[in-house]
Amino acid sequence: MDFSIITGNIDVYLEGLKNTLILVSLSLIAGLAMAIPLAVLRVIGNPFIQWPIRAFVYFFRGTPLLVQMFLVYYGFGQFDAMKDSFLWPLFKEAYFCALLTFSLNTCAYTVEILRGSIVATPHGEVEAATAAGMSRLLMLRRIILPSAFRRALPAYSNEIIFMLHGSALASVITIVDITGAARIINSRFYSPYEAFITAALFYMAITFTIVFFIRLLEKKWHAHLQPADQSVITIEAPHENITG
Amino acid sequence: MYNYSRYNNTFRLFGFDFNRNCLLYQRRDPWVKQYYFLPFSIDVKGFMNTSQHAISVEQLHKSFGDNQVLKGINLTADRGEVISVLGSSGSGKSTLLRCMNLLEIPNSGIVRVAGEEVLIKKNRKGENQPADMKQVERIRSKLAMVFQQFNLWAHMTILDNVMEAPVHVLRQRRAEVRERAIHYLNKVGIGDKLNAYPIHLSGGQQQRAAIARALCIEPEVILFDEPTSALDPELVGEVLQVMRDLADEGRTMIVVTHEMGFAREVSSRTIFLEQGLIIEDGTSQQVFDAPKTERFKTFIAAMM
């Protein structure tokens, strides 16, 4: 085993790290930004609005991410209409295709996560908001969404990590992300173990960083679920007068 | 609540309703594409607000499917009155309360809050719905409701719970509201729990927080929907004491309850519902000492 090929070529990995981080964070931001209104409409919209959202979620959850990416990157290029359109400069870039696919994919999953937690809002809290004279929009903004986001946080942190790991697929369509960097090193030195264990360590480091920040957020957001004050909890002394 | 369609074949732009003593104007309903008359008073804030009545319902009917729950309720609460609503379960007490702040839309009848009549129209399916959501929201913000299950917003601290409606619905200044909220929380005896979350409080404390939340919007009427039914027996007393204090202050309250002691001693008036109709109505003393109906006699005998 020779890790000097890694340390000697660390700049390839750093380039990959940069690409992975940009790709994942941009698609998560775009996906979440689209998912919030879609999830709300999926819950309260009329059937004509709900139906296309359902179809969208169904498609993106029903097919593998790799297939979706191939469809966008290779599939669209097959049509002359696409090649002639003003969108082609965007769609011929692997980077844009990966970003688009990842965003839509994570959006579909996030819609379902949010929908579940919106539906799970305690009925009494909604009723109290109605009785206080809140309009639907205000209720959404002040009661339903804040409460739903809190419930969605554990599931969404999973989705963030899945997205990070799913982004390894971007290397298949020529993008140099962390996996892409590992493939370059592997083919240059033919040392797959060193190349991919390094990639794995990079992914682990990112994952643990994400988990750390989610913990912080949970501490802040889930204060209403935790025991009031840990220091107050005392262990009761055993009763002395118990006989038999 | 009011059948506007009977004005349909008239072509006047303005009218006068002698029953309600108010000027009417014509407006087109974009949904059903027909004209109807609205009383002017609803647009001119406070025009009819000189009314003695804090809240009144006339000929209120409500059914869920085939199940007729309310069969024509007439009830008027004057300012400062404390009305206990008694009745066995299924008699429509809670439904009556929920119709008052439009959590349930009555099938027919009139609801007036501080002189303002709630406008109801038929939607395309022929169901009743509020004609003007803004009006309903305004009316709801004048009524406060205290629920059996407290229904505090779990993700907010107690102080935020109390400040929420005044700040975001009534759009009052945060600093003023904060002061008032702390005042009311002190008054119900949980001034030391401002930054606690609802889950950290006992049932009695949660219900008192819910009462403070109701008080902080300074409502015309406070509606209590079985406020002590979900509490441990030893916590009931603290909530009833708070309600007693409110009654002594002269606040208008309508209390659906099973607490006979409260109804008898605290409320100024007691009504008894049986199968969707009011069968006893009078001052608490009258009703308890000389019930008019056999049904109420057996009811108190069973409850005492």
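None of these values were measured; they are calculated from a predicted model. (Residues numbered from 1 in each chain as written. Chains lettered and ligands numbered in written order. Predicted model: local features only at pLDDT ≥ 70, side-chain atom pairs only at ≥ 80, totals over all residues. Heavy atoms only, no water.)

Before going further, it helps to examine the pattern of salt bridges. As enumerated under the stated definition, the model contains 21 salt bridges over all chains in all. A salt bridge links K187(B) to E249(B), with the nearest nitrogen and oxygen atoms 2.1 Å apart. Residue K187(B) is located in helix α4 (residues 174–187), and its partner E249(B) is located in the loop between α6 (233–248) and β13 (253–256); the two are separated by 62 residues in the primary sequence. Salt bridges here are not isolated pairs; linked through shared partners, they connect R61(A), E112(A) and R115(A). (Salt bridge = Lys/Arg side-chain N within 4 Å of Asp/Glu carboxyl O. Helix = DSSP H or I, 4+ residues; strand = E, 2+ residues; numbered from the N terminus.)

With that settled, the discussion passes to the interface of chain B and chain A. Counting residues at the interface gives 23 residues for chain B and 24 residues for chain A. Together, W153(B), H155(B) and H200(B) form the three largest contributors to the area buried by chain B at its contact with chain A, with a combined 30%. A salt bridge links R142(A) to E164(B); its shortest N-O distance comes to 2.8 Å. Scanning the region where chain B abuts chain A turns up six residue pairs in polar contact (both at pLDDT 80 or more). Mapped by element, the contributors of at least two residues to the side of chain B that touches chain A are α2 (133–140), β11 (143–146) and α3 (158–169) of chain B. (Contact = heavy atoms within 4.5 Å. Buried area = accessible area lost by both parts, 1.4 Å probe. Polar contact = N/O pair within 3.5 Å; in protein donor to acceptor, adjacent residues only side chain to side chain.)

Residues and elements named next belong to chain B. Considering every residue of chain B, the mean pLDDT works out to 84; 83% of them sit at 70 or more. Low pLDDT (under 50) marks residues 1–12, which in the prediction has 31 contacts with non-local residues, meaning those over four places away or in another chain. For residues 41–50, every residue scores under 50 in pLDDT, and the model assigns this stretch 16 contacts once sequence neighbours within four places are set aside. The ipTM for the predicted assembly is 0.80, set against a pTM of 0.81. (pLDDT = per-residue confidence, 0-100.)

We now examine the packing of aromatic side chains. For any pair of aromatic rings, the description rests on two quantities: the centre-to-centre distance and the angle between the ring planes. Summed over the entire model, instances satisfying the criterion amount to 12 aromatic pairs over all chains. Here F76(A) and F91(A) contribute two aromatic rings whose centre-to-centre distance is 5.4 Å and whose plane-to-plane angle is 50°, an arrangement assigned as tilted. One end of the pair, F76(A), is in the loop between α4 (65–75) and α5 (80–84); the other, F91(A), is in helix α6 (residues 88–91), with 15 residues separating them in the sequence. A relative accessible area of 8% means that F91(A) is categorised as buried. Lying over the aromatic face of W221(A), R150(A) brings its terminal NZ or CZ to 5.3 Å of the ring centre. When the ring centre of W153(B) is taken as origin, the NZ or CZ atom of R213(B), which lies over that ring, is 4.4 Å away. (Phe/Tyr/Trp six-rings, centres within 6.5 Å; stacked < 30°, edge-to-face > 60°. Buried < 20%, exposed > 50% of the residue type's maximum accessible area, 1.4 Å probe, protein only. Lys NZ or Arg CZ within 6 Å of the ring centre and 35° of its normal.)

Okay, helix α8 (residues 123–131) of chain A next. By the criterion of burial, α8(A) is predominantly enclosed, with seven of the nine residues buried. Within α8(A), burial applies to G124(A), E125(A), E127(A), A128(A), A129(A), T130(A) and A131(A). Elements that come into contact with the buried residues of α8(A) comprise α9 (136–166) of chain A together with α1 (93–100), α2, β11 and α5 (203–216) of chain B. Directly after α8(A), the chain includes G133(A), whose backbone phi takes a positive value near 90°.

Attention now goes to the environment of E176(B). Along the chain, the position of E176(B) falls in helix α4. Judged by relative accessible area, E176(B) falls into the partly exposed class, the value being 43%.

Residues and elements named next belong to chain A. Position of T198 relative to the elements: it lies in helix α11 (residues 192–221). T198 gets classed as buried once you look at its relative accessible area, which sits at 9%. Within the structure, T198 has its side chain in polar contact with the backbone oxygen of E194 (distance 2.5 Å).

Right, let's get into the sheet that holds strand β8 (residues 116–117) of chain B. Residues and elements named next belong to chain B. Read across the open sheet, the four strands follow the order β5-β4-β7-β8; overall the sheet is antiparallel. A single partner strand is all that each edge strand has here, and the edge strands are β5 (67–78) and β8. Of the strand pairs in this sheet, strand β4 (residues 53–64) and strand β7 (residues 108–113) are connected by five bridges, and their pairing is antiparallel. Residue pairing in the sheet places S56 in a bridge with R112 of β7. (Pairing = 2+ DSSP bridges.)

Think of an α-helix as 3.6 residues a turn; residues three or four steps apart then line up on the same face. All names here are of chain A. The end-to-end C-alpha distance of helix α3 (residues 47–62) is 21 Å, a good match for the 22 Å that 16 residues give at a rise of 1.5 Å each. Buried residues of α3: Q50, I53, F56, V57 and F60, and no others. What you see down the axis of α3 is that its buried residues fit within an arc of 130°, all on one side. The exposed residues of α3 that point more than 90 degrees off its buried face are P47, F48, W51, Y58 and G62. Buried residues in α3 make contact with α2 (10–44), α4 and α7 (94–119). (Expected span 1.5 Å × (residues − 1). Arc of directions from axis to C-beta.)

Residue and element names in this part refer to chain A. On inspection of all chains with the given rule, the structure shows zero disulfides over all chains. Among the cysteines around C97, which has no disulfide bond, C107 carries the closest sulfur, lying 18 Å off. Using a relative accessible area of 0% as the deciding quantity, one classes C97 as buried. (Disulfide = S-S within 2.5 Å.)

It is worth spelling out the nonpolar core at this point. Formed by 106 residues in total, the largest nonpolar core has its most connected members in I211(B) and M253(B). In this structure, M253(B) is in contact with E81(B), V82(B), I83(B), I222(B), F224(B), M243(B), L246(B), A247(B) and F262(B), ignoring residues within four places of it in sequence. Residues I6(A), L17(A), C97(A) and I178(A) belong to the second largest nonpolar core, which totals 38 residues. (Core = buried A, V, L, I, M, F, W, Y, C linked by side-chain atoms within 4.5 Å.)

Pairing between the strands of a sheet is mediated by backbone hydrogen bonds and can be parallel or antiparallel. Residues and elements named next belong to chain B. The strand order across the open sheet formed by six strands is β11-β12-β13-β6-β14-β15, and the pairing between neighbours is mixed. Each end of this open sheet is capped by a strand with a single partner; those strands are β11 and β15 (277–283). The average angle at which neighbouring strand axes cross in this sheet is 15°, direction not considered. With four bridges connecting them, strand β6 (residues 82–86) and strand β14 (residues 269–274) associate as parallel partners. From the neighbouring strand, L86 faces β14, where its bridge partner is F272. (Axes fitted to C-alpha atoms, helices over the stretch in contact; angles between N-to-C directions.)

What follows concerns the packing of α2(A) against helix α10 (residues 178–189) of chain A. Residues and elements named next belong to chain A. Look at α2 against α10: their axes get within 7 Å of each other, and the N-to-C directions meet at 155°. By the criterion of interaxial angle, the relationship of α2 to α10 is roughly antiparallel. Here V12, Y13, G16, L17 and T20 of α2 come into contact with α10, specifically with I178, A181, A182, I184 and I185. Its residues assigned to classes, the contact of α2 with α10 shows eight nonpolar, two polar and no charged. (Parallel < 35°, antiparallel > 145°, perpendicular 65-115°, else oblique. Nonpolar A, V, L, I, M, F, W, Y, C, P; charged D, E, K, R; others polar.)

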